[in-house]
Amino acid sequence: MRGSSKWNKTALTAASVALVGLSLSACGSNNGDSSGPAASGGSASTGSAEPVVIKVAKGTGGYPYIEGLSDINKDKYMTELEKAAGVDLDVELIPHADFDQKLQLIFAGGNLPDLIETKGINTSQVEPAVAAGALLPLNDLIDRYAPNMKKALTEEEWKFGTISKDGVIYGIPTLEAAPHGFVSFIRKDWLDKLGLPVPQTLDEYVTTLRAFRDNDPNGNGKADEIPYTARKEFKSGDIFFGAFGVNPDGWTLADGKLTPNQILPQMKDALAFYKMLYDEKLFDAEAFVQEGKDWDAKIRGKNVVGFWQHSATEAELWASETKKNVPEAVVVPVAAPVGPDGKSGGLIRSTIADKAWVIPKTAKNPEAILKFLDFFFTEEGKKFTTYGIEGDNYTVSGDSIEYKSPSTADEIQEEMARQEWYQFTGQNYLTNEEFMKNKPNNELVVQALEISAKEGVVNDGAGMPALPTLQSRPELGFKGLWLEFAAKVITGKESIDNFDKFVADWKSRGGEKLIEEATAWYNASH
Amino acid sequence: MAELTDIQLTRSSPPAEARPIADEKKRHHLVKNWQIYSMVAPGIVFFLLFKVFPMLGIVIAFQNYNYYEGILHSPFVGFAHFKELFEYPEFARIFKNTMIISFYQLIFEFPTPILLALLLNEVGHSFLKRTFQTLMYLPHFLSWVIVGGLTISLLSPSTGFVNEVLGWFGREPISFMQESSYFRSIIITSGVWKEVGWGTIVFLAALAGINPEMYESAQVDGAGKLRQLVSITLPSLLPTIMVVLLLKIGSMMDLGFEHIYMLLNPLVYDTGEVLDTFIYRLGLLGGQLSYTTAIGLFKSVIGLVLVVGANQLSKRTTGNSIY
């Protein structure tokens, strides 16, 4: 497809863009020149020149629409984006499930693409590239070519650990529009059928979950209900940890020391609570081995789950997809269970999302890449991700935009992919009040966001760099020793009384040093 | 496989050095038989290029390798990574699991294809025989992701067939995948199911090569089926069995990463985590390339010792050996 003639063109383009760049910078001092494109335009080339080719490595994000495409580079939204931003994107998809592994291989393999999606420059995959100076420092480039992006973040935010190191910016940030993005969902029709109110406290939740277990709310005559389910590694399953303020992947500043939640004393109570849920068959017995698809199937397809957590922005999708298989299903977002100290909810995410773009030093047109990413911070860019393609997703009549809201589940998936996946960075549709107001069936999402905004557990370790001890002893992370211990306690293979022994063991195996490193980082950066 | 390569290479090189023939004569020999040697050349080049040359990469086990400085410039740290491995608190557990699962594989997964080949050989009807054979090959072509998924759903406490059957007998469902005591059995059973058919091929070929006249004369002498099996079939199969066994021992430490990783979860780490899965977690996910290369090298050395030892033993006891 991309024959040699294409490559020749590419080379020509690169050369011509370099020339344009030169002439632009030459014009820089000459303010009287009126023909120079405004910086906010964002397009790398106007007129007859071929657009710059940018090779991009980007995760699929697990979006079904993206994963279902036969060729991402031929998708209608990709074509539209290229046209609007004036670039030629050559995207290579990284599978969502093996993202970390594949990213590692991309970095190890050399021959890097021009623009790479990462989970932050402080992760173990990217950190060596930063240390070796393989990534382009972006401070000057952002100042010169991405003025809209520059404005969108505060000074404080530009220093965030996922994008910058010692004052040098290596990552182009993505913004988290919903830091309190996680919300609990409950089957309202089950509650109504059993005559129960919406639960609030831990005790009320336990009562409700017991009723789900015993009273056959799905009405199939079998006791097959799973009151509460989760994916493995407590993904979408940490809401009861949240009630104790100890979501396992978070950190808390305790007695002047930045300590991982996994070893805090409250964790013992939280584990005891999960054990009780498991023993009473209120918590899914398969939660420790379950992948996302099985979890999904139980909720939407098999109609056996009463309570679960997921993204607040997907509230509408959960409601409509569950309804597709179970017509009587009513899914509503509810406040998370409130624990003894009044804490509740998922871990609050920082305003800088843990997705950051990096540009290797080998990239040919960094200025064009910066301009391309700045496009998403312009009105034009926001309009594309929010509303899509004119004539296809919306029509313009006079001043107002007539948006064709998706109605089927597939259309919702497509809209989600456009609004989230195609939004490489920038403020997304959630910040667009007019869109949110006019969107039909959006009450659930708005409601879910309102609920989740009132709850959540603060993570004092947000933006932490890759600490040396955690890199050489990865088992100290919550997916290591803690997960094994927690799984054993919950399933009854180890006594909860061993918690103190676990903490002592964790500390002696390098945990003490890890806390020291984390505390030093915290004190230096706060 | 790295260990095997060594052996094949040592087989081809030492005789040339061992016999100090006059250069002239040797050259003569090479020149005279150049057609034959040119046919061997691609094979030698293949092994040099894809097996021997990449072995230079093990040097990173003694460095703090990072891919920006490359093999030539990464700092040299000697045996530090090996020390780290032996001092790792879970090392004993991981090593023990690796050895136990390898041993189980050897005693269960090795003999079953022989048994199956003998049974298949007795199926008189050739259409039936071929149908059975083909059906048994099929699982070999499924990836572990699929077989792992099948295993998990078969054993699921809520929807799995096995627990359904247990339910008929009034038993409570068992969460097989979360019980460390079942883990190794599940690994071995699924491994046998997937590979047993494929493993029969070489034995069936060997069985087909046995001279039918031996059976005929045995029948004339009044030997029954069992007698024929013990006195004709098994002795004729022995060389094949020994070679397959030795090859198997050589790759004994390679447990099939995908197979175990698919079924592994935190509840069964204590019986299921092996060197291969440990390497994956540290190396590919954690980016510790030097450390994991050191572990891989350690594994290969054990493999090499095992195969050389077993080969010597076999040579002395049965006279069969792979080199």
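Residues numbered from 1 in each chain as written. Chains lettered and ligands numbered in written order. Predicted model: local features only at pLDDT ≥ 70, side-chain atom pairs only at ≥ 80, totals over all residues. Heavy atoms only, no water.

Re the overall build of chain A
When you go through chain A residue by residue, the secondary structure sums to 22 helices and 15 strands. For 526 residues, the compact-globule estimate of 2.2 N^0.38 gives 24 Å, and the C-alpha radius of gyration of chain A, at 25 Å, lies within 12% of that figure. Within chain A, residue pairs in contact and separated by at least 24 positions form 75% of the contacts whose partners lie at least 6 positions apart. Accessible surface, chain A as shown: approximately 22400 Å² in total, 51% of it carbon and sulfur. Taking the average place of the 55 positive charges on the side chains of chain A and the average place of its 76 negative ones, the gap between the two points comes to 3 Å. (Helix = DSSP H or I, 4+ residues; strand = E, 2+ residues; numbered from the N terminus. Rg over C-alpha atoms; globule rule 2.2 N^0.38 Å. Contact = heavy atoms within 4.5 Å. Areas by Shrake-Rupley, 256 points an atom, 1.4 Å probe, with all protein chains shown as cover. Lys, Arg positive; Asp, Glu negative; His and termini not counted. Charge placed at Lys NZ, Arg CZ, Asp CG, Glu CD.)

Brief notes about the environment of S231(B)
Residue and element names in this part refer to chain B. Here S231 lies in helix α14 (residues 225-250). By relative accessible area, S231 is classed as partly exposed at 37%. Each C-alpha atom, one on S231 and one on N33, is 43 Å from the other, the two residues being 198 residues apart in sequence. (Buried < 20%, exposed > 50% of the residue type's maximum accessible area, 1.4 Å probe, protein only.)

Concerning the interface of chain B and chain A
Taken residue by residue, the interface counts 29 residues in chain B and 33 residues in chain A. A buried area of about 2600 Å², summed over both sides, lies between chain B and chain A, and 54% of it is on carbon and sulfur atoms. Counting across the interface, chain B meets chain A through three salt bridges. Taking the shortest distance from any N to any O, the salt bridge between R93(B) and E484(A) comes out at 2.9 Å. (Buried area = accessible area lost by both parts, 1.4 Å probe. Salt bridge = Lys/Arg side-chain N within 4 Å of Asp/Glu carboxyl O.)

A look at the domain arrangement of chain B
When the parts come together, some accessible area is lost, and that loss is often what is quoted as the size of the interface. Residue and element names in this part refer to chain B. Taken as a whole, chain B is organised into domain 1 (1-78) and domain 2 (90-317). In this structure, domain 1 and domain 2 have C-alpha centres spaced 31 Å apart. Split by residue class, the side of domain 1 that touches domain 2 holds nine nonpolar, two polar and two charged. (Domains from an automatic or database assignment. Nonpolar A, V, L, I, M, F, W, Y, C, P; charged D, E, K, R; others polar.)

Some points on the domain arrangement of chain A
Residues and elements named next belong to chain A. Here chain A is described as being made up of domain 1 (50-177 + 353-417) and domain 2 (182-347 + 458-462). The distance between the C-alpha centroids of domain 1 and domain 2 comes to 32 Å. Listed as interface residues are five residues of domain 1 and, on the opposing side, six residues of domain 2. Taken over both partners, the interface formed by domain 1 and domain 2 buries close to 480 Å², and the fraction arising from carbon and sulfur atoms is 71%. Summed over the three residues of domain 1 that lose the most area to domain 2, namely A409, I412 and M416, the buried surface amounts to 67% of that side. In this assembly, domain 1 and domain 2 are joined by zero salt bridges. At the boundary of domain 1 with domain 2, the tally comes to zero residue pairs in polar contact (both at pLDDT 80 or more). (Polar contact = N/O pair within 3.5 Å; in protein donor to acceptor, adjacent residues only side chain to side chain.)

Side note on the pairing of strand β14 (residues 394-397) of chain A
Residue and element names in this part refer to chain A. Direction of pairing for β14 relative to strand β15 (residues 400-403): antiparallel, over a ladder of four bridges. Bridge assignment links Y394 to a residue of β15, and that residue is Y403. With antiparallel pairing between neighbouring strands as the criterion, β14 and β15 make up a hairpin whose turn holds two residues, including G398 at a positive phi of roughly 65°. (Pairing = 2+ DSSP bridges.)

What to know about the confidence of the model for chain B
Summarising the model, chain B shows a mean pLDDT of 84, and 92% of its residues fall at 70 or more. Model confidence for the complex: the whole-complex pTM is 0.76, and ipTM, which rates the interface, is 0.71. (pLDDT = per-residue confidence, 0-100.)

Focus: the packing of aromatic side chains
By convention here, two paired aromatic rings are described through the distance between centres and the angle between planes. All names here are of chain A. Summed over all chains, the structure comprises 60 aromatic pairs over all chains. Here the aromatic rings of Y387 and F435 are separated by 5.5 Å at their centres, their planes lie at 85°, and the arrangement is edge-to-face. Residue Y387 is located in helix α16 (residues 379-387), and its partner F435 is located in helix α18 (residues 433-438); the two are separated by 48 residues in the primary sequence. The class of Y387 is buried, set by a relative accessible area of 8%. In this structure, K58 is placed above the aromatic ring of W421, and the distance from its NZ or CZ to the ring centre is 4.1 Å. (Phe/Tyr/Trp six-rings, centres within 6.5 Å; stacked < 30°, edge-to-face > 60°. Lys NZ or Arg CZ within 6 Å of the ring centre and 35° of its normal.)

What about a nonpolar patch on the surface?
All names here are of chain B. Judged by side-chain polarity, I36, V40, I44, L48 and V52 come together as a nonpolar surface patch covering roughly 410 Å² of accessible area. Mapped onto the secondary structure, I44 falls in helix α4 (residues 34-55). Judged by its relative accessible area of 48%, I44 is partly exposed. (Patch = residues over 30% accessible without salt bridge, like charges linked within 9 Å, V, L, I, M, F, W, Y side chains within 5 Å.)

Regarding the pairing of strand β3 (residues 115-118) of chain A
All names here are of chain A. Side chains L115 and E117 of β3 all project onto a buried face; the interleaved residues I116 and T118 project onto the opposite face, where all are buried too. For strand β1 (residues 52-59) and β3, the ladder comprises two bridges, and the chain directions are parallel. From the neighbouring strand, A57 faces β3, where its bridge partner is I116. Here three bridges tie β3 to strand β13 (residues 352-358), and the two strands are oriented antiparallel to one another. Note that in β13 the partner of I116 across the bridge is V358.

Quick word on unusual backbone geometry
Residues and elements named next belong to chain A. Within the chain, D216 stands out as a residue other than glycine whose phi angle is a positive 50°. By the secondary structure assignment, D216 is in the loop between α10 (202-214) and β8 (226-228). Of note in the backbone geometry, K281 takes a positive phi value of approximately 60° without being a glycine. Summarising the element assignment, K281 is placed in the loop between α12 (265-279) and α13 (292-301). Here K281 falls in the exposed class, since its relative accessible area comes to 56%.

Focus on the packing of helix α10 (residues 144-154) of chain B against helix α12 (residues 180-208) of chain B
Axes are the key here: two packed helices are described by the angle between their axes and the distance separating the axes. All names here are of chain B. At their nearest, the axes of α10 and α12 sit 11 Å apart, and the two run at 125° to each other. What the angle tells us is that α10 and α12 run oblique. In this structure, α10 crosses over α12, and the sense of that crossing is right-handed. Seen from α10, the contacting residues are W144, V147 and T151; seen from α12, they are I186, S190, G191, W193 and K194. The residue inventory of the contact of α10 with α12, partitioned by class, reads four nonpolar, three polar and one charged. (Axes fitted to C-alpha atoms, helices over the stretch in contact; angles between N-to-C directions. Parallel < 35°, antiparallel > 145°, perpendicular 65-115°, else oblique. Left-handed = near helix turned anticlockwise from the far one by under 90°.)

Side note on the sheet that holds strand β6 (residues 171-175) of chain A
Pairing between the strands of a sheet comes from backbone hydrogen bonds, and it takes one of two forms, parallel or antiparallel. Residues and elements named next belong to chain A. One open sheet holds the five strands; their spatial order is β2-β1-β3-β13-β6, and the pairing between them is mixed. Looking at strand neighbours, the two that pair on one side only are β2 (87-94) and β6, the edges of this open sheet. Within the sheet, the average angular offset between the axes of one strand and its neighbour, ignoring direction, is 25°. Of the pairings in the sheet, the one linking β6 to β13 comprises four bridges and is antiparallel in character. Following the sheet pairing, I172 is matched in β13 by W357. Its contacts with the sheet place helix α15 (residues 366-375) against β1, β2, β3, β6 and β13, and it is angled at close to 60° to β1.

Digging into the packing of helix α4 (residues 99-108) of chain A against helix α17 (residues 275-285) of chain B
Close contact between α4(A) and α17(B) brings their axes to 9 Å; oriented N to C, the two are set at 55°. Comparing the axis directions of α4(A) and α17(B) gives the class oblique. In this structure, α4(A) contributes D100(A), Q101(A), Q104(A) and L105(A) to the contact, and α17(B) contributes Y280(B), G283(B), L284(B) and L285(B). Tallied by class, residues from the contact of α4(A) with α17(B) come to four nonpolar, three polar and one charged.

Quick look at α12(A)
Between its terminal C-alpha atoms α12(A) stretches 22 Å, which fits the 21 Å expected from 15 residues at 1.5 Å a residue. Structurally, α12(A) contributes buried residues whose contacts are with α10, β8, α11 (239-243), α21 (478-490) and α22 (499-525) of chain A. (Expected span 1.5 Å × (residues − 1).)

Things to note about α4(B)
Here α4(B) spans 29 Å end to end across 22 residues, near enough to the 32 Å set by a 1.5 Å rise per residue. L48(B) marks the point of greatest bend in α4(B), at about 35°. (Bend = angle between axes of the 7 residues up to and from the residue.)

Re the sheet that holds strand β12 (residues 331-334) of chain A
Residues and elements named next belong to chain A. The four strands are arranged β8-β11-β7-β12 in an open sheet whose pairing can be described as mixed. Each edge of the open sheet is held by one strand with a lone partner, namely β8 and β12. Here the average twist between neighbouring strands, direction ignored, is 35°. Strand direction decides the pairing type here: β8 and strand β11 (residues 305-311), joined by two bridges, are parallel. Directly across from I226, in β11, lies its bridge partner V305.

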